[in-house]
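Each chain is listed here by its residues.
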Amino acid sequence: MPASTGTRPFWEAVAQGTVDMAVRIYEALAASQRDVVLEESSRASAFARATLVSVLRRARDFAGAARVLEVDGAAADVAQLHEQAGALLLAAEAWLRAGEPARAAAAFERGGALERALSLYESLRAREAMARCLTRLRRPIEAAAVYRELGNPHAELESLRAVSPDIAVARREAVLRMSALLDAQGESWRALVLLADALQEPELRGDIALQAEHTRLLRHLNLNGGPSVEPARAPPLPPPPDGYEYLKAIPLFGELSLVDMKDLYQLARPVQFAQGATVLEKGAPGSGLLVLLEGTVDVLVGPAPGARLLNTLGPGAFIGEVSLILDGDTSAQVCARTDVRALRVTRVDFQHYLDTHEAAALRILRLFTEKLAERVRALSA
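Since this is a predicted model, take the numbers as computed values, not measurements. (Residues numbered from 1 in each chain as written. Predicted model: local features only at pLDDT ≥ 70, side-chain atom pairs only at ≥ 80, totals over all residues. Heavy atoms only, no water.)

## Looking at the packing of helix H8 (residues 101-110) against helix H18 (residues 347-356)
What counts is decided by this rule: Helix axes are fitted to C-alpha atoms over the stretch in contact, other axes to C-alpha atoms as well, and angles between N-to-C directions run from 0 to 180 degrees. Numbering goes from the N terminus for both helices and strands, where a helix is a DSSP run of H or I of at least four residues and a strand is a run of E of at least two. The cut-offs work like this: below 35 degrees is roughly parallel, past 145 is roughly antiparallel, 65 to 115 is roughly perpendicular, and the gaps in between are oblique. Should any heavy atoms of two residues lie within 4.5 Å, those residues are counted as being in contact. Residues were grouped as follows: Ala, Val, Leu, Ile, Met, Phe, Trp, Tyr, Cys and Pro as nonpolar; Asp, Glu, Lys and Arg as charged; and all remaining residues, including Gly, as polar.
Contact geometry of H8 with H18 gives a least axis separation of 9 Å together with a crossing angle of 40°. One finds that H8 runs oblique with respect to H18. Judged by residue contacts, Ala106, Glu109 and Arg110 of H8 engage His352, Asp355 and Thr356 from H18. When grouped by side-chain class, the residues that make up the contact of H8 with H18 number one nonpolar, two polar and three charged.

See the structure below:
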């Protein structure tokens, strides 16, 4: 039995298989003595090593358990233990050895090794994850191209806004595409303002393509004018509330920074429901947050077919936010009263967001806990 003077009682407990006793002894050891135990484990029997891993798991020394198992080549178990210990890059390497590239990519991303994550996501053709990494790597043109393939116009628009004015060619293409997106969304005034501002930039002043698009929008809006040194501008009216404004107004996200809020917005996926369609099925697992942009939905409670109308919700309303954090089944039936356009943030995407945005996660979870405590106090009263 491998044992120095300070670790002998621990190894005796391991040899006897008294795991509870071994856990208490291990937890009482100094950090230097725990290191000695891990060094000595390489000379232990297979039985002792298996028992040691159980002890380390129970003592929550996940990094130590991973170190012991590493010698045995149990890559998947090692990866999970490294994740529990917060050693994400070590976990990613272990996932690769275990033949789990998707989990390796996620661990690399969470650990900040974005280039390695991107390379794996590209090999897996995981386009949404690719776009997410490209955004964090400040490669907005490439991110926008992926979002365009995915049919996610608002995320594409957000990516294009990040294109630097210092790169004239990229900026020109970004402005033209943003103008087209805004015009297609019925926000031609905003597109006109965007073009007018771009044509004042030194590198883009007099650009023929931008001037042509500016002229087209003027005609589309029944305005007189054309390309000029001072392009016509739209009135300084505030834009109508869009998905970003609605998402930002949700109390759960009330303390997020601008950057974190924009990242969350890019996760949201556009969805549509025809009149009469089921938006949320009662009793089904929660699917995440849904923010209404256009149209109305009915919230029904009670057994079908005589379910009672509880509420009718319209643009700006949101449902399902609790399922972002807590597992559980949907408590009400939600049906589309009219055609509905909305944004959805899935539970899976949101959990990944929490993993990669630590400051935002702390703020969100604190607010969620406060709201939950308020509800418990109200019920108790």
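## A few points about the sheet that holds strand E1 (residues 269-273)
For sheets, the rule is that strands pair by backbone hydrogen bonds, running either parallel or antiparallel. The criterion, for reference: Any two strands with at least two DSSP bridges between them are considered paired.
Judged by pairing direction, the sheet is antiparallel, and its four strands sit side by side in the order E1-E8-E3-E6 without closing on themselves. Each edge of the sheet is formed by a strand with only one pairing partner; in this case those strands are E1 and strand E6 (318-319). For E1 and strand E8 (residues 340-346), the ladder comprises five bridges, and the chain directions are antiparallel. Across the sheet, residue Val271 finds its bridge partner in E8, namely Ala342.

## Structural notes on the nonpolar core
Going by this rule: Buried residues of nine kinds, namely Ala, Val, Leu, Ile, Met, Phe, Trp, Tyr and Cys, make up a nonpolar core once their side-chain atoms join them within 4.5 Å. Whether a residue is buried, partly exposed or exposed follows from its accessible area with a 1.4 Å probe, protein chains only, as a fraction of its type maximum: under 20%, in between, or over 50%, in that order.
Grouped together as the largest cluster of nonpolar side chains are 49 residues, with contacts concentrated most on Phe10, Trp11 and Tyr26. Contact partners of Phe10, with chain neighbours within four places excluded, come to Ala22, Ile25, Tyr26, Val37, Leu52 and Val55. Of all hydrophobic cores here, the second largest spans 26 residues; its members include Tyr244, Leu264, Ile364 and Phe368.

## Some details on unusual backbone geometry
Despite not being glycine, Arg138 has its phi angle at roughly 60°, a positive value. As for its placement among the helices and strands, Arg138 is situated in the loop between helix H10 (127-136) and helix H11 (140-150). Residue class for Arg138 comes out exposed when judged on its relative accessible area of 76%. Phi is positive for Asn222, which is not a glycine, with a value near 60°. Inspection of the secondary structure puts Asn222 in the loop between helix H15 (208-220) and helix H16 (243-248). According to the relative accessible area criterion, Asn222 is exposed, its value standing at 70%.

## What about the packing of aromatic side chains?
How we decide: Geometry of aromatic contacts follows a simple scheme: Phe, Tyr and Trp rings, the Trp one being its six-membered ring, pair when their centres are within 6.5 Å, and the pair is stacked under 30 degrees between planes, edge-to-face over 60, tilted otherwise. A positively charged side chain is recorded as over a ring if its NZ (Lys) or CZ (Arg) lies within 6 Å of the ring centre. The angle to the ring normal must also be within 35 degrees.
Per the stated rule, a full pass over the model turns up five aromatic pairs. Note on Phe10 and Trp11: the rings are 5.5 Å apart at their centroids and 75° apart in plane angle, and the pair reads as edge-to-face. We note that Phe10, like Trp11, is buried. On the basis of an interplanar angle of 75° and a centroid distance of 5.3 Å, the ring pair of Tyr244 and Tyr265 is categorised as edge-to-face. Pair noted here: Tyr244 is in helix H16 and Tyr265 is in helix H17 (residues 258-267), with a separation of 21 residues, a long-range link. By relative accessible area, Tyr244 is classed as buried at 8%. Residue Tyr265 is classed as buried on the basis of its relative accessible area of 6%. Among the aromatic side chains, those forming a connected cluster through ring pairs are Phe10, Trp11 and Tyr26. Lying across the ring of Tyr244, Lys262 places its NZ or CZ 4.3 Å from the centre.

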